[in-house]
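One letter stands for each residue in the lines below.
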Amino acid sequence: QVQLVESGGGLVQAGGSLRLSCTASGRTFSSYVMGWFRQAPGKEREIVAAITRSGTITDYADSVKGRFTISRDNARDTVYLQMNSLKPEDTAVYYCAAGLRSFSIIMRTGGMDYWGKGTLVTVSS
């Protein structure tokens, strides 16, 4: 079992930046592939980014490539999402998630085992 708590959401103008953090407690953080997902009003949840257990490999949704960066600090049990050049269409609740499946399966299916409660990001135009 692992508990995930996100922070760092808020209101930002288009073109601005935010950094989300997610701190884990419970089982060994480095055992999990970590990911960030988001769900906009009226839309399905989608994967934004994921990072392997060691942090050496990352992948992103096409919509955020070049603007968002996922990273992790296994010593601090924390994963981050740096979001730059934000657009109004990035407005959503952002969720941190931990998964035991392989990185490739998670990127393909979004199947994770544990979820945080989410943090709201609002980008104004």
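Everything quoted here is computed from the prediction, not taken from an experiment.

Visitor: Requested: an account of the pairing of strand E11 (residues 119-124), with residues and values cited.
Guide: What you see with E11 is a clean split: Thr 119, Val 121 and Val 123 sit on the buried side and Leu 120, Thr 122 and Ser 124 on the side with no burial. Across four bridges, strand E2 (residues 10-13) lies against E11 in parallel orientation. Paired with Gly 10 across the two strands is Val 121, which belongs to E11. Alignment of strand E9 (residues 92-99) against E11, held across three bridges, turns out to be antiparallel.

Visitor: Got a sec to walk through the state of the cysteines? Specific residues and values, please.
Guide: A full pass over the atoms with the stated rule returns one disulfide. Here Cys 22 is linked by a disulfide to Cys 96, with a sulfur-sulfur distance of 2.1 Å. Judged by the sign of its S-S torsion, about -75°, the bond between Cys 22 and Cys 96 is left-handed. Note that Cys 22 is positioned in strand E3 (residues 18-26) and Cys 96 in strand E9, a separation of 74 residues in sequence. You can call Cys 22 buried: its relative accessible area is 1%.

Visitor: Can you break down the layout of surface pockets residue by residue, with the values?
Guide: As a volume, the largest pocket reaches approximately 150 Å³. Around the largest pocket, the lining residues are Arg 38, Ala 40, Lys 43, Glu 44, Glu 46, Ser 63, Arg 67, Lys 87, Glu 89, Asp 90, Thr 91 and Ala 92. Of the residues in the lining of the largest pocket, the class split is two nonpolar, two polar and eight charged.

Visitor: Describe the packing of aromatic side chains, naming the residues involved and giving the relevant values.
Guide: Taken as a whole and judged by the stated rule, the model has two aromatic pairs. Taken together, a centroid distance of 5.9 Å and an interplanar angle of 85° make the contact between Tyr 32 and Tyr 114 edge-to-face. Taken together, the positions of Tyr 32 in the loop between E3 and strand E4 (33-39) and Tyr 114 in strand E10 (residues 114-115) put the pair 82 residues apart, joining distant regions of the chain. Sitting above the plane of the Tyr 80 ring, Arg 19 keeps its charged end 4.0 Å from the centroid. Sitting above the plane of the Phe 29 ring, Arg 72 keeps its charged end 4.5 Å from the centroid.

Visitor: Outline the pattern of salt bridges, listing residues and values.
Guide: Tallied over the full model, the rule gives six salt bridges. Asp 62 is paired through a salt bridge with Lys 65; the nearest N and O atoms lie 3.3 Å apart. Judged by its relative accessible area of 66%, Asp 62 falls in the exposed class. Judged by its relative accessible area of 46%, Lys 65 is partly exposed. Across the salt bridge formed by Arg 101 and Asp 113, the nearest N and O atoms sit 3.5 Å from each other. One end of the pair, Arg 101, is in the loop between E9 and helix H1 (103-109); the other, Asp 113, is in the loop between H1 and E10, and 12 residues separate them in sequence.

What counts and what doesn't
- Within each chain, residue numbers correspond to sequence positions counted from 1 in written order.
- With pLDDT at 70 or above as the cut-off, local features in this predicted model cover only qualifying residues; side-chain atom pairs require 80 or more to be listed or tallied, and sums for whole chains, interfaces and linings still use all residues.
- To get the side-chain values, take all heavy atoms of the structure and skip hydrogens and water.
- Working definition: with a 1.4 Å probe on protein chains only, accessible area under 20% of the residue-type maximum means buried, over 50% means exposed, and in between means partly exposed.
- Strands here mean DSSP runs of E at least two residues long; helices mean DSSP runs of H or I at least four residues long; both are numbered from the N terminus.
- Any two strands with at least two DSSP-identified bridges between them are counted as paired.
- Any cysteine sulfur atom paired with another within 2.5 Å is treated as part of a disulfide.
- Using a grid of 1 Å spacing that covers the protein atoms alone, one calls a set of points a cavity when a 1.4 Å probe fits there but cannot get out, and a pocket when the set is open and has protein on both sides within 12 Å along at least five of seven lines; lining residues are those with an atom within 4 Å of a point.
- Grid points are joined across faces, edges and corners, and a volume is the space filled by probe spheres set on the points.
- Side-chain classes are defined by residue name, with Ala, Val, Leu, Ile, Met, Phe, Trp, Tyr, Cys and Pro counting as nonpolar, Asp, Glu, Lys and Arg as charged, and the others, Gly among them, as polar.
- Note on ring pairs: Phe, Tyr and Trp rings are taken, using the six-membered ring of Trp, and paired if centres are within 6.5 Å. Classes follow the plane angle, with under 30 degrees stacked, over 60 edge-to-face and the rest tilted.
- Criterion for a charge above a ring: Lys NZ or Arg CZ within 6 Å of the ring centre, and within 35 degrees of the ring normal.
- A side-chain nitrogen of Lys or Arg and a carboxyl oxygen of Asp or Glu constitute a salt bridge if their distance falls within 4 Å.

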